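Observations on chain architecture
Here's the letter readout for the chains.
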Amino acid sequence: MLGEGILKGMAETAKNFFGSYFSAERLTTVEYPEERIASYEAARVFPFLIFDSKNTADPADWEAGMRCVACQICEKECPPKCIYIDKSKDKKPDAVGKAQFYPSRFDIDISVCMSCQICVEVCPFEAIKMDTVYELSTDDRFGGLLLDRKQLAKSNEYYHRIHPTEAAEVDDRLSEGRAKTDAKMTAGAIAAAIRGAEVPAAAKATPKPVAEGAVADVVADAAAVTKTAERPTGAGN
Amino acid sequence: MHEYLDQIFVLLQHRLMDYLPAAWQPLCGVLLGVVAIVCLFPALFALTTVFERKGLARIQNRIGPNRVGPFGLLQPIADGIKSLTKEDIVPLSADAAVHFLAPVVLVVTVFMGFAVLPMGRNMVLVDMDAGLLFYFAMGASTELAVFMAGWSSRNKYSLMGAMRAVAQMISYEVVLLLSSVTVVMMTGSLSLTKIVEAQNHYSWGLPHWFIFTPWGCAGFVMYAIAATAETNRSPFDLPEGESELVAGYHTEYSGFKFALFFLGEYLAMFSISGLGTTLFLGGWSAPLASLNWIPSWLWFFSKLMMSIFVFIWMRGTLPRLRQDQLMNFAWKFVLPMCLLNLMVAALWRFLGDGWLRWVLCSAILVVAYAGMGLNELRRKQIGPRRYRYAE
């Protein structure tokens, strides 16, 4: 019958109209500033820098606990080139007390950043991670969107809060590396033997939730392990 | 008491007029009525925009505007301030005078239509003997305004929108007139007050509205279709089809002139709903004899708002037609049905009282509708769209 479809359609819209007043699952709108959806663990927005507050005297001293050693790999790998790093001239003790270079300037221009997470994947020191803060609007579109070291530095506890699973894995990896370093320092074993033992360890540390980052992670993990392995010899000299 | 409430506006007008010298009274009385109409309907327009947005939102399972004022009810004020403070841009190559006049002409002609609508017992601004004719004359002039807007903008989208609007409005004007003529045939009068009075009597407590007769029901459906097309409402909103024409004939209008077009469109909707109410839904008469204690003007406006609700409901349901579908529908389906309805109305008139005319008239209309419908559907091959090359 002609016009049947119109009546069916009008019944459908009427159902929607009245249904939206009674059924909560129809009305899925979240009225944003007042109410918000809890952040997903896999959420990632812009990078931030991690500092370890445990080993330093003042837990809030972000500069002392900064993991970044200004190796500038992220700066070079960044596809849109939004990271600006100045390497320090002097060395300062890092989170575990080793003398290291540190970034005298570490700026990220988040108006340029495309949230690709490549900086996170290439970092051998687990120093840069993805943040979940998304309310970053500012009235200064140049200075306000260029985040400096102080704004970027956030504690490892914060990292555990936003990405618990990933942060736990990172901590395991770091402590494993440190344990190996310590063992090597105390035993004074032969470098070749240590290297041979560490290859399976690097392979074991690979499982990670993000699949496409896995390959880069392997490289980063291997680099991390070899770096931590080489550190004592560098420090010893 | 209810007599008093029913006539409250009329009495108020008389009371105010008593303060004036007798020579001024007719002119000032009319002016007061004009002011009332010019204030009331834009206010109704403001309310309708927010209700439309909320209604459409609910149809799409959204919330709709709810930020300005309680439940977003003050949204039209924010919109009004916004459109007043916006820059009024006139294209360099536009015909400035016509470009300026178009929205004014539109709103003025639309307002003229309200002059003859009886909005309650004794509540009509000008009780013309040929009120219906006057109404249609004014309704037809809105096409001029639309074409002025499209032509003077000197923009291809505006012009195409205006061409579409004129083609569509003229096509459906015929249907609109023919479906209303049945009412004139029955009442023998072009006066809208007489038409309402003809429907304002009851048997067994039920009203004698024209929609409750076979020819009236068919006429009302066709009137509603034509009214939707005449006011450029969805699904007949081709003149402002934003997917192909930016905004149609008012593409080159900004600021308050655009708001005037918007106002004109809604006022046209109110006035055509008001006319439909008057012709088929018994105007200001109550739907049951026992409900006569409710003021007549309240009935008129509640019927009007119900029609607006149906307009919004249809907009939330139906997709936009194509130009050829629109024209085919008007000339090949609705117009023949209208002509047939004239015959049926004549038959109804001359068969006299009795059950025979009910059966006969209903049967003719239903058979014609079903037959034409089936014929259309068979030729159309309606079904899922098949792509010849892009599979």
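See the structure above.
Residues numbered from 1 in each chain as written. Chains lettered and ligands numbered in written order. Predicted model: local features only at pLDDT ≥ 70, side-chain atom pairs only at ≥ 80, totals over all residues. Heavy atoms only, no water.

Thoughts on the sheet that holds strand β6 (residues 128-130) of chain A
Residue and element names in this part refer to chain A. Spatially, the three strands line up as an open sheet ordered β6-β1-β8, and their pairing is mixed. The open sheet terminates on both sides in strands that have one partner only, identified here as β6 and β8 (153-155). Adjacent strand axes in the sheet meet at a mean angle of 55° when their direction is disregarded. In the sheet, strand β1 (residues 47-51) pairs with β6 via three bridges, with the strands oriented antiparallel. (Pairing = 2+ DSSP bridges. Helix = DSSP H or I, 4+ residues; strand = E, 2+ residues; numbered from the N terminus. Axes fitted to C-alpha atoms, helices over the stretch in contact; angles between N-to-C directions.)

Some points on helix α7 (residues 156-187) of chain B
For an α-helix, 3.6 residues make a turn, and residues three or four places apart therefore share a direction. Residues and elements named next belong to chain B. Compared with the 46 Å implied by 1.5 Å per residue over 32 residues, the 46 Å span of α7 between its first and last C-alpha is a close match. Where α7 starts, the residue carrying a side-chain oxygen 2.6 Å from the main-chain nitrogen of tyrosine 157 turns out to be asparagine 155. Remark: glycine 188 follows α7 within two positions and exhibits a positive phi of approximately 70°. (Expected span 1.5 Å × (residues − 1). Polar contact = N/O pair within 3.5 Å; in protein donor to acceptor, adjacent residues only side chain to side chain.)

Re the packing of helix α5 (residues 96-114) of chain B against helix α6 (residues 131-152) of chain B
All names here are of chain B. Following both chains from N to C, one finds α5 and α6 inclined at 165°, their axes separated by 8 Å at the closest point. Considered as vectors, α5 and α6 are oriented roughly antiparallel to each other. Crossing geometry of α5 relative to α6 is assigned as left-handed. Contacts from Val98, His99, Leu101, Ala102, Val105, Leu106, Thr109, Val110, Met112 and Gly113 in α5 reach Phe134, Tyr135, Met138, Ser141, Thr142, Ala145, Val146, Met148, Ala149 and Ser152 in α6. Split into classes, the residues belonging to the contact of α5 with α6 amount to 14 nonpolar, six polar and no charged. (Parallel < 35°, antiparallel > 145°, perpendicular 65-115°, else oblique. Left-handed = near helix turned anticlockwise from the far one by under 90°. Contact = heavy atoms within 4.5 Å. Nonpolar A, V, L, I, M, F, W, Y, C, P; charged D, E, K, R; others polar.)

A short note on the pairing of β1(A)
Every regular strand shows the same layout, with side chains that alternate between the two sheet faces. All names here are of chain A. Most of β1 sits out of view: five of its five residues are buried. For β1 and β8, the ladder comprises three bridges, and the chain directions are parallel. Counted as the bridge partner of phenylalanine 51 is serine 155 from β8. (Buried < 20%, exposed > 50% of the residue type's maximum accessible area, 1.4 Å probe, protein only.)

Topic: the pattern of salt bridges
A complete count under the given rule lists 18 salt bridges over all chains for this structure. The salt bridge partner of B:Asp88 is B:Lys257, with a shortest N-O separation of 3.5 Å. Taken together, the residues B:Asp88 in the loop between α4 (75-85) and α5 and B:Lys257 in helix α11 (residues 255-280) connect sequence positions 169 residues apart. B:Asp88 sits in the partly exposed class, given a relative accessible area of 42%. Residue B:Asp237 pairs with B:Arg320 through a salt bridge whose shortest N-O separation is 2.9 Å. Residue B:Asp237 is found in the loop between α9 (214-230) and α10 (242-245), and its partner B:Arg320 is found in the loop between α12 (296-317) and α13 (323-351); the two are separated by 83 residues along the sequence. Taken together, the salt bridges that share partners define one network made up of A:Glu31, A:Glu34 and B:Arg67. (Salt bridge = Lys/Arg side-chain N within 4 Å of Asp/Glu carboxyl O.)

Overview of the interface of chain A and chain B
Contacts between the two partners involve 19 residues from chain A and, on the opposite side, 19 residues from chain B. Both faces considered, chain A and chain B share a buried interface measuring about 1800 Å² in area, 67% of it formed by carbon and sulfur atoms. Between the two partners, chain A and chain B, sit two salt bridges. With a closest N to O distance of 3.0 Å, A:Glu31 and B:Arg67 form a salt bridge. At the boundary of chain A with chain B, the tally comes to eight residue pairs in polar contact (both at pLDDT 80 or more). In terms of residue class, the side of chain A that touches chain B is built from nine nonpolar, seven polar and three charged. (Buried area = accessible area lost by both parts, 1.4 Å probe.)

Points about a nonpolar patch on the surface
Taken together, B:Leu351, B:Trp355, B:Leu356, B:Trp358, B:Val359, B:Leu360 and B:Ile364 make up a surface patch of nonpolar side chains, about 670 Å² in accessible area. Sort the elements by how many residues they give to the nonpolar patch and helix α14 (residues 355-380) of chain B lands first, with six residues. (Patch = residues over 30% accessible without salt bridge, like charges linked within 9 Å, V, L, I, M, F, W, Y side chains within 5 Å. Areas by Shrake-Rupley, 256 points an atom, 1.4 Å probe, with all protein chains shown as cover.)

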